[in-house]
Amino acid sequence: MDPVRLQASTTSAVVSPHHGGSILSFSVAGTQVLRAGADSPDPRTLASFPLVPYCNRVADGVLHWEGDTIEMGPSIPDEPHALHGHGWLGRWQTEEQGSNWVRLGYTHPAGSWPWRYRAEQTVTVEPGRLTVTLGLVNLATKSMPAGIGFHPYFSRPARITATLDGLWRGEDTLPDRWEEHPGFRAQDVDAIAFDNTFTGWDGRAVVESPEGRIEISSNLAMLHVYVPPGRGMFCLEPVTAAPDALNHPERGAVALAPGETLSGEMTVTLGG
């Protein structure tokens, strides 16, 4: 399945349905707003990918839900935990498209994840802007633990600004406590190192970089900040929940009833 190319004036995006419904690139007048990548089977090398039916990690790939223990195992070979759900590793179908938008669908059968569900994603470009919407519907007959999010990559160097009030902190990327945090005010990315979910987010973050001023906005409640030391990228991920929230619902997990939908949106704007 070939990548889908979207265009609106000088703004363009390339979407790969068969590699996790991922975004390969998003550019404005030749400027790469997100980190551009090749069409790779590893979505972590691309520009952005969807998080569904959960975001972040499930400790050791073991889920405890409504009295049952569900052994899912790790998602990828170099990760000991279940990570980011299934959508980012799955093959999505192109269901409808126009010149500047595409709607993708992904249906997951019950298996080691014992709930059948459907996800739908729409990617749209407008002049200077990328908008991604994501919906998750429970097709099973029992309630399903759920979370969604978006995983965009940005290039360094950069400074970030975001209003926050705290973060979930712990060892081995799994939190065990909440701590206050004042947020970021034009913070140099190279001076920090995080892989944490932040709370108290007002739904807006700003990246100042050589590419220009980039604004990220979302209606999701939390912002996961991933700044790995010594690498040329970082992530600002709008999410509904912190790591291992499926085992600790106070961290943002949702119990999705049969037929119920969880949805969210992310917008990335150059010059916003």
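Caption draft 1: Region of the structure containing the side chain of glutamate 79. As for its position among the elements, glutamate 79 is in the loop between strand 8 (68-71) and strand 9 (82-83). A distance of 3.5 Å separates a polar atom in the side chain of glutamate 79 from a polar atom in the side chain of arginine 57. Setting aside residues up to four positions removed in sequence, glutamate 79 forms contacts with Arg57 and Pro74.

Caption draft 2: Looking closely at the sheet that holds strand 13 (residues 129-138). The antiparallel open sheet is built from nine strands, whose spatial order is 10-11-12-13-27-23-22-17-20. The open sheet terminates on both sides in strands that have one partner only, identified here as strand 10 (93-97) and strand 20 (184-188). Between one strand axis and the next, the sheet turns through 15° on average, direction left out of account. Bridge count for strand 11 (residues 101-108) against strand 12 (residues 117-126) is eight bridges, and the pairing is antiparallel. Note on strand 12: the bridge partner recorded for glycine 105 is glutamate 120.

Caption draft 3: Spotlight on the environment of glycine 85. The residue glycine 85 is located in the loop between strand 9 and strand 10 in this model. A relative accessible area of 2% means that glycine 85 is categorised as buried. With residues up to four places along the chain from it excluded, the contact list for glycine 85 reads Val52, Pro53, Tyr54 and Ser75.

Caption draft 4: Focus on the pairing of strand 19 (residues 174-180). By the bridge criterion, six bridges tie strand 18 (residues 166-171) to strand 19 in an arrangement that is antiparallel. Paired with leucine 167 across the bridge in strand 19 is glutamate 179. In this structure, the hairpin formed by strand 18 and strand 19 is closed by a connection of two residues, where aspartate 172 is found at a positive phi of approximately 55°.

Caption draft 5: Just the sheet that holds strand 1 (residues 4-8), in detail. Pairing is antiparallel across the open sheet formed by four strands, whose spatial order is 1-2-3-4. Since the sheet does not close on itself, it has two edges, and those belong to strand 1 and strand 4 (31-32), each with one partner.

Caption draft 6: Up close: the state of the cysteines. A complete count under the given rule lists zero disulfides for this structure. The thiol of cysteine 55 is not disulfide-bonded; the next cysteine sulfur, from cysteine 235, is found 14 Å away. Overall, the relative accessible area of 5% leaves cysteine 55 in the buried class. You can call cysteine 235 buried: its relative accessible area is 0%.

Caption draft 7: Structural detail: the pattern of salt bridges. The final tally for this structure, using the stated rule, is 15 salt bridges. In this structure, glutamate 120 and arginine 118 form a salt bridge, with 3.0 Å as the shortest nitrogen-oxygen distance. Exposure remark for glutamate 120: the relative accessible area of 32% places this residue in the partly exposed category. You can call arginine 118 partly exposed: its relative accessible area is 21%.

Caption draft 8: Spatial organisation of the nonpolar core. Counting 80 residues, the largest nonpolar core has Leu63, Trp113, Leu130, Phe234 and Leu236 as its most contacted members. Broken down by element, the residue count for this core peaks at five residues, all from strand 25 (residues 233-239). For leucine 63, the residues in contact, after removing those within four places along its chain, are Val58, Asp68, Thr69, Ile70, Met72, Trp113, Trp115, Pro145, Leu246 and Asn247.

Caption draft 9: Focus on the side chain of histidine 81. Examined against the element boundaries, histidine 81 turns out to sit in the loop between strand 8 and strand 9. On the basis of relative accessibility, which here comes to 2%, the residue histidine 81 falls in the buried class. Looking at histidine 81, its side chain comes within polar contact range of the main-chain nitrogen of aspartate 60, at 2.8 Å. Excluding residues that lie within four positions of it along the chain, histidine 81 makes contacts with Arg57, Val58, Ala59, Asp60, Gly61, Pro74, Ser75, Asp172, Thr173 and Leu174.

Caption draft 10: Local environment of the pairing of strand 23 (residues 212-218). Across six bridges, strand 22 (residues 204-209) lies against strand 23 in antiparallel orientation. Across the sheet, residue valine 207 finds its bridge partner in strand 23, namely isoleucine 214. If you look at the hairpin formed by strand 22 and strand 23, you'll find two residues sitting between the two strands. Where strand 23 and strand 27 (residues 261-270) come together, five bridges link them in antiparallel fashion. In the sheet register, isoleucine 214 faces strand 27, and the bridge partner there is leucine 270.

Caption draft 11: Spatial organisation of unusual backbone geometry. Residue proline 53 is bonded to the preceding valine 52 through a cis peptide linkage, with omega at 5°. Looking at where proline 53 falls in the secondary structure, it is placed in the loop between strand 5 (50-51) and strand 6 (57-58). A cis amide bond links arginine 156 to the next residue, proline 157, at an omega of 5°. With respect to the helices and strands, proline 157 occurs in the loop between strand 16 (153-155) and strand 17 (159-162). For aspartate 60, which is not glycine, the phi dihedral falls at a positive 60°. Residue placement: aspartate 60 occurs in the loop between strand 6 and strand 7 (62-65). The exposure class of aspartate 60 is exposed, given its relative accessible area of 51%. Despite not being glycine, histidine 84 has its phi angle at roughly 65°, a positive value. Tracing the backbone through its elements, the reader meets histidine 84 in the loop between strand 9 and strand 10.

About the cut-offs
- Residues numbered from 1 in each chain as written.
- Predicted model: local features only at pLDDT ≥ 70, side-chain atom pairs only at ≥ 80, totals over all residues.
- Heavy atoms only, no water.
- Helix = DSSP H or I, 4+ residues; strand = E, 2+ residues; numbered from the N terminus.
- Polar contact = N/O pair within 3.5 Å; in protein donor to acceptor, adjacent residues only side chain to side chain.
- Contact = heavy atoms within 4.5 Å.
- Pairing = 2+ DSSP bridges.
- Axes fitted to C-alpha atoms, helices over the stretch in contact; angles between N-to-C directions.
- Buried < 20%, exposed > 50% of the residue type's maximum accessible area, 1.4 Å probe, protein only.
- Disulfide = S-S within 2.5 Å.
- Salt bridge = Lys/Arg side-chain N within 4 Å of Asp/Glu carboxyl O.
- Core = buried A, V, L, I, M, F, W, Y, C linked by side-chain atoms within 4.5 Å.

Honestly, that's just the spatial picture; any functional story needs more than this.
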